[in-house]
Amino acid sequence: MPRHPKKARRLVADGRAYLWTLRHSHRVLDSGRSADCRETLTLYPQPAGTGGPLRIVFAEGPGRYVPGGAPLGSGDVGYVRGESLNLHEPGAVRALLDAASARGWQPGERRAVEVDGWPLLEAATAARAEEAGPPDP
């Protein structure tokens with residue numbers, strides 16, 4: 001049975017549990033086209049009430065892509081000529097969480113924190129590549 005796309009998923013990192021969700025948003029222009037696309041990855045420290053949510057936002061811009069679906073997959077974000085991540089993959093979420101923590105985010109903070117995801121992307125993709133190991137010959 002497939003997972004419901006709106007249901008929060010669970011991630012355990014460094015002995016702490018999180019629930020996480022991914023949402024796509026945009027404005028619709030009079031022409032019917034989408035504009036200002038954003039992917040927002042939100043991590044909620046568990047148990048509830050032990051910390052405020054972390055929102056990692058990827059907003060479209062020059063040289064960046066944040067598609068809302070076909071032909072690229074939902075949840076894909078990246079640089080047109082460079083790194084990319086699929087935000088539906090738990091490993092990508094873990095790498096972004098680690099990158100945000102390395103930059104000072106604390107899961108025990110009581111308030112919601114929103115950060116720009118683009119500065120975290122390079123560190124997260126490097127961690128994913130290191131995790132995967134060298135390519136097969």
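What counts as what
- Here, residues in each chain are numbered from 1, in the same order as that chain's written sequence.
- Totals for whole chains, interfaces and linings use every residue, but because this is a predicted model, local features are given only for residues with pLDDT of at least 70 and side-chain atom pairs only at 80 or more, for both listing and counting.
- As a rule here, side-chain values cover all heavy atoms of the structure and leave hydrogens and water aside.
- Working definition: helices are DSSP H or I runs of at least four residues, strands are E runs of at least two. Numbering for both runs from the N terminus.
- For every residue, the accessible area (1.4 Å probe, protein chains only) is compared with the maximum for its type, and the residue is labelled buried under 20%, exposed over 50%, or partly exposed between those bounds.
- Working convention for charge: Lys and Arg count positive, Asp and Glu count negative, and His plus the chain ends are omitted.
- Here a salt bridge means any side-chain nitrogen of Lys or Arg lying within 4 Å of a carboxyl oxygen belonging to Asp or Glu.
- The contact criterion used is simple: two residues touch if any of their non-hydrogen atoms lie within 4.5 Å.
- For a helix, the expected span equals 1.5 Å multiplied by the number of residues minus one.
- Think of the arc as the fan of directions from the helix axis to the C-beta atoms.
- Put simply, a nonpolar core is a bunch of buried Ala, Val, Leu, Ile, Met, Phe, Trp, Tyr and Cys residues held in one set by side-chain atoms that sit within 4.5 Å of each other.
- Two strands pair if DSSP finds at least two bridges between them.
- Between 30 and 60 degrees the pair is tilted, below 30 it is stacked and above 60 it is edge-to-face, where a pair is any two Phe, Tyr or Trp rings, Trp via its six-membered ring, whose centres lie within 6.5 Å.

Novice: Any chance you could break down the side chain of Glu39 for me, citing the residues and the numbers?
Specialist: If you trace the backbone, Glu39 turns up in strand 3 (residues 34–45). The charged side chain of Glu39 is buried without a salt bridge, its nearest counter-charge being Arg23 at 8.6 Å. Setting aside anything within four residues of it in sequence, one finds Glu39 in contact with Leu22, Arg23, His24, Ile56, Val57, Phe58, Val66, Pro67, Gly75, Val77 and Leu87.

Novice: I'd like a description of helix 2 (residues 118–132), backed by residues and values.
Specialist: If you check helix 2, its first and last C-alpha atoms are 22 Å apart, about what 15 residues at 1.5 Å a residue would give, namely 21 Å. Within helix 2 the residues assigned to the buried category are Trp118, Leu120, Leu121, Ala124 and Thr125. The arc enclosing the buried residues of helix 2, seen along the axis, measures out at 130 degrees, which places them on a common side. The exposed set on the far side of helix 2, more than 90 degrees from its buried face, consists of Glu122 and Glu130. Summarising the contacts, the buried residues of helix 2 are in contact with strand 4 (54–59), strand 5 (64–65), strand 6 (76–79), strand 7 (84–86), helix 1 (90–102) and strand 8 (113–116).

Novice: Which residues make up the nonpolar core, and what values do they have?
Specialist: Core analysis: the largest hydrophobic core is formed by 28 residues, its most contacted members being Leu41, Leu43, Leu54, Ile56, Phe58, Leu96 and Leu97. Listed by contribution, the elements that provide at least two residues to this core are strand 1 (9–13), strand 2 (16–28), strand 3, strand 4, helix 1 and helix 2. The leading source of residues in this core is helix 1, at seven residues. Beyond its immediate stretch of four places on either side in the chain, Leu54 contacts Leu41, Thr42, Leu43, Leu97, Ala100, Trp105, Val113 and Val115.

Novice: Lay out the sheet that holds strand 6 with the relevant residues and their values.
Specialist: Strand order in the open sheet made by the three strands is 5-6-7, with antiparallel pairing throughout. With partners counted over all chains shown, the strands left at the sheet margins are strand 5 and strand 7, one partner each. In terms of strand pairing, strand 6 meets strand 7 through three bridges, oriented antiparallel. Directly across from Gly78, in strand 7, lies its bridge partner Ser84.

Novice: If you had to explain unusual backbone geometry to someone new, which residues and values would you point to?
Specialist: A cis geometry characterises the amide bond from Gln46 onward to Pro47, with omega recorded as 0 degrees. Its place among the elements puts Pro47 in the loop between strand 3 and strand 4. In the Ramachandran plot, Asp14 falls in the positive-phi region, its phi being about 55 degrees despite a non-glycine side chain. Its place among the elements puts Asp14 in the loop between strand 1 and strand 2.

Novice: Describe the packing of aromatic side chains, with residues and values.
Specialist: The description of an aromatic ring pair uses the distance of the two centres, along with the angle that the planes make with each other. Scanning all chains against the criterion turns up three aromatic pairs. Ring centres of Phe58 and Trp118 lie 5.1 Å apart, and the angle between their planes is 90 degrees; this geometry places the pair in the edge-to-face category. Placement of the pair is Phe58 in strand 4 and Trp118 in helix 2, with a sequence separation of 60 residues. For Phe58, a relative accessible area of 0% puts it in the buried group. Look at Trp118 and you get buried, because its relative accessible area is 3%. Consider the rings of Tyr79 and Trp118, whose centres lie 5.1 Å apart with planes at 50 degrees: the pair is tilted. One end of the pair, Tyr79, is in strand 6; the other, Trp118, is in helix 2, with 39 residues separating them in the sequence. Here a set of aromatic residues connected by ring pairs shows up, and it is made of Phe58, Tyr79 and Trp118.

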